[in-house]
Amino acid sequence: MTVKPYLTSDEGKKKQIKNMFDNIAPKYDFLNHFLSLGIDKIWRRRAIGLLKDLKSPRILDIATGTGDLAIASLRLKPQSVVGLDLSPQMLKVGEEKIQKKKLDHIISMVEGDSENLPFNDGEFDAAMVAFGVRNFENLNAGLLEINRVLKPGGKFMVLEFSNPTVFPIKQLFKFYSSTILPWWGGLLSKDKAAYTYLPASVAAFPEGQAFVNELEKAGFTSLRVWKQTFGVATIYFAHK
Ligand SMILES: C[S@@+](CC[C@H](N)C(=O)[O-])C[C@H]1O[C@@H](n2cnc3c(N)ncnc32)[C@H](O)[C@@H]1O
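None of these values were measured; they are calculated from a predicted model.

**Quick look at unusual backbone geometry**
Stage number 1. The amide bond that connects phenylalanine 167 to the next residue, proline 168, takes the cis arrangement and shows omega of 0 degrees.
Stage number 2. With respect to the secondary-structure elements, proline 168 resides in the loop between β5 (150-161) and α6 (169-189).
Stage number 3. Even without being glycine, serine 222 reaches a positive phi, approximately 50 degrees.
Stage number 4. With respect to the helices and strands, serine 222 occurs in strand β6 (residues 221-228).
Stage number 5. By the C-beta count within 10 Å, which is 10 here, serine 222 ends up exposed.
Stage number 6. One non-glycine residue, phenylalanine 230, lies in positive phi territory at about 60 degrees.
Stage number 7. Here phenylalanine 230 lies in the loop between β6 and β7 (233-239).

**Remarks on the site of the ligand**
Stage number 1. Around the ligand, a shell composed of 23 residues is seen, among which Ala63, Gly65, Ser87, Ser114 and Ala130 lie nearest.
Stage number 2. Secondary-structure elements contributing two or more residues to the shell around the ligand are α1 (13-35), α3 (68-72) and β2 (80-85).
Stage number 3. Take the shell around the ligand: its biggest share by element is 5 residues, from α1.

**Here we look at the pairing of β2**
Stage number 1. A large share of β2 lies buried, amounting to 5 of its 6 residues.
Stage number 2. Here strand β1 (residues 58-62) runs beside β2; their pairing, made up of 5 bridges, is parallel. Considered in β2, the bridge of arginine 58 is made with serine 80.
Stage number 3. As paired elements, β2 and strand β3 (residues 107-111) share 5 bridges and run parallel to each other. Considered in β3, the bridge of glycine 83 is made with methionine 109.
Stage number 4. Regarding the hand of the β-α-β motif, the stretch spanning β2, helix α4 (residues 88-100) and β3 is right-handed.

About the cut-offs
- Residues numbered from 1 in each chain as written.
- Predicted model: local features only at pLDDT ≥ 70, side-chain atom pairs only at ≥ 80, totals over all residues.
- Helix = DSSP H or I, 4+ residues; strand = E, 2+ residues; numbered from the N terminus.
- Buried ≥ 20, exposed ≤ 12 C-beta atoms within 10 Å, placed from the backbone.
- Near = placed C-beta within 6 Å.
- Pairing = 2+ DSSP bridges.
- Right-handed = clockwise from strand over helix to strand, strands pointing away.

Now the structure itself:
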């Protein structure tokens, strides 16, 4: 079953996701770090570390949002980084950050859809998605497109929320994500649906082996999986 943010709306998931991120964009960075207690920065750092063997890579950050992963990837000394996202308002916040940090000669932000990427076959040495694949309307179409724009042997990294399975983290996470997260997220972002959608979409996402199967179906190989912080997030790594 497809989980969408706004239960009373007839719009498709993609349109709803774009609207939702446009709504919460001005508060997204603050809420992200506040509600994850800053742990998201550690996960991003670890995930980027998986690409450290690449020499001057061309990197594509899909569902870049406000560009935090794209900015974190600069420690790989890339030739260029393209951040792509559906939401113009998320991109606007990201562009302001990138200009303020004087990084616009290396990071460019592009409005677009992961399921129909505006790039040629084999353009990138590496692709990455943080907290984005869960939001794709058609997961297989998105993964096939990412595979297409990677060079043969190109690297693909995904960081995504998952569901912890061990006591008492499972119970604590459930309480946090079903009670505290929608309350604080709704209050501070003024869009409660966004922070109710978040745990619902995590619960519905095909995590672990099920996501590995999706990656294989889209043509990726050499798959590896690392659970983070008792399984609250998972990093996936694959090759084209
Ligand atoms: C939770 S945010 C993650 C942003 C960023 N990667 C980060 O780590 O903070 C998810 C982003 O995915 C984008 N997104 C969802 N579906 C997309 C699609 N089909 N194509 C491009 N971006 C998409 C949303 O607009 C949103 O900015």
